[in-house]
Amino acid sequence: MAYEILNITHEEGIAIVTITREKALNALNALTFSELKHFFLEEVPKKEELTGIIITGAGEKAFVAGADIKEFDGLTADKAAELSARGQDIFFLIEQCPKPVVAVVNGFALGGGCELAMACHMRIATENAKFGQPEVNLGIIPGYGGTQRLVQYIGKGKALELMLTADMIDASTAHQLGLLNYVLSSKTEAIEKAKKLLQKIATKGPVAVAKVIEAVNAYFEHNIDGFEREVEKFGQTAGTEDFAEGAAAFVEKRKPNFKGK
């Protein structure tokens, strides 16, 4: 598929996905959602050589400044619910991706942009990054998982404060609250940090990496016992060739040669 919005490049097994609506501050429109869905649903499963994914926004002003409000014109209650459900489903694809996904946040990450960053497994920001869920300023609420994931990352009290006041926080505050893994001076440094992080993860057992993501996600799933899911995934990894190789390499004091099997 030829993408209009997403610019995807590959570097040593890492896919760098850039949202290129710079003039619109990379606001999420219907086409952006469709392309993200296609990439994570259709392309990622076919790319065995892929070890990690970076999502970022074009330019220096914004990661994603929010949803494209122009597309909200004439929105009815039913259509709004469908829009929210569709956005959540696409962000679940990112959250459940078996390859680690890192958001590199430059500039504004507001509304849907903050929700996109939170759907990624890890977040690295530049010093000029700003985060917020300002939907109440429009008389609506976050619809792409923000009311759930922000609480997971920073706790109920602070999450409610940010969503009810629509206040923005800077990268330093977001880091202190636990929303970010790292804060770097520039976008170039942030991208390099994300690459190094993913390159380090790529030296680990690919099956184990995917199962860790599944087990951790289970902590937040309703009606799922995360401990039971951990037992299940532990058993699955123990039955792999990678585990045999990892154990042998440990005993032999050498680096393991994982095959992802």
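Below is a short write-up of the structure. (Residues numbered from 1 in each chain as written. Predicted model: local features only at pLDDT ≥ 70, side-chain atom pairs only at ≥ 80, totals over all residues. Heavy atoms only, no water.)

This paragraph deals with the packing of helix H3 (residues 112-119) against helix H4 (residues 146-154). Running from N to C, H3 and H4 cross one another at 55 degrees; their axes reach a closest spacing of 10 Å. Here H4 runs oblique to H3, going by the angle between their axes. Crossing of H3 against H4: the hand is left-handed. On H4, the residues touching Glu 115, Met 118 and Ala 119 of H3 are Gly 146, Arg 149, Leu 150 and Tyr 153. Across the contact of H3 with H4, the residue classes break down as 4 nonpolar, 1 polar and 2 charged. (Axes fitted to C-alpha atoms, helices over the stretch in contact; angles between N-to-C directions. Helix = DSSP H or I, 4+ residues; strand = E, 2+ residues; numbered from the N terminus. Parallel < 35°, antiparallel > 145°, perpendicular 65-115°, else oblique. Left-handed = near helix turned anticlockwise from the far one by under 90°. Contact = heavy atoms within 4.5 Å. Nonpolar A, V, L, I, M, F, W, Y, C, P; charged D, E, K, R; others polar.)

Across the sheet, which stays open at both edges, the 6 strands sit in the order S1-S2-S3-S5-S7-S10 with mixed pairing between neighbours. Strand pairing shows two members of the sheet lacking a second neighbour, strand S1 (6-11) and strand S10 (182-184), which therefore form its edges. Between one strand axis and the next, the sheet turns by 20 degrees as a mean value, whatever way the strands run. Judged from the 4 bridges that link them, strand S3 (residues 52-57) and strand S5 (residues 101-105) form a sheet pairing that is parallel. Among the inter-strand pairings, Thr 56 is bridged to a residue of S5, identified as Val 104. (Pairing = 2+ DSSP bridges.)

Here the focus is the packing of aromatic side chains. Counted by the stated rule, this structure contains 5 aromatic pairs. Aromatic pair Phe 33 and Phe 91: ring centres 5.7 Å apart, planes at 40 degrees, arrangement tilted. Note that Phe 33 is positioned in helix H1 (residues 30-43) and Phe 91 in helix H2 (residues 77-95), a separation of 58 residues in sequence. Considered together, Phe 33 and Phe 91 belong to a single accessibility category, that of buried residues. Ring geometry for Phe 33 against Tyr 144: centres 5.1 Å apart, planes inclined by 70 degrees, an arrangement best described as edge-to-face. Residue Phe 33 is found in helix H1, and its partner Tyr 144 is found in the loop between strand S8 (130-132) and H4; the two are separated by 111 residues along the sequence. Through a chain of ring-to-ring contacts, the aromatic side chains of Phe 33, Phe 91 and Tyr 144 assemble into a single cluster. (Phe/Tyr/Trp six-rings, centres within 6.5 Å; stacked < 30°, edge-to-face > 60°. Buried < 20%, exposed > 50% of the residue type's maximum accessible area, 1.4 Å probe, protein only.)

Taken together, the side chains of Val 212, Val 216, Tyr 219 and Phe 220 present a nonpolar region at the surface, about 440 Å² in accessible area. Looking at where Phe 220 falls in the secondary structure, it is placed in the loop between helix H8 (206-218) and helix H9 (226-238). Judged by relative accessible area, Phe 220 falls into the partly exposed class, the value being 37%. (Patch = residues over 30% accessible without salt bridge, like charges linked within 9 Å, V, L, I, M, F, W, Y side chains within 5 Å. Areas by Shrake-Rupley, 256 points an atom, 1.4 Å probe, with all protein chains shown as cover. Salt bridge = Lys/Arg side-chain N within 4 Å of Asp/Glu carboxyl O.)

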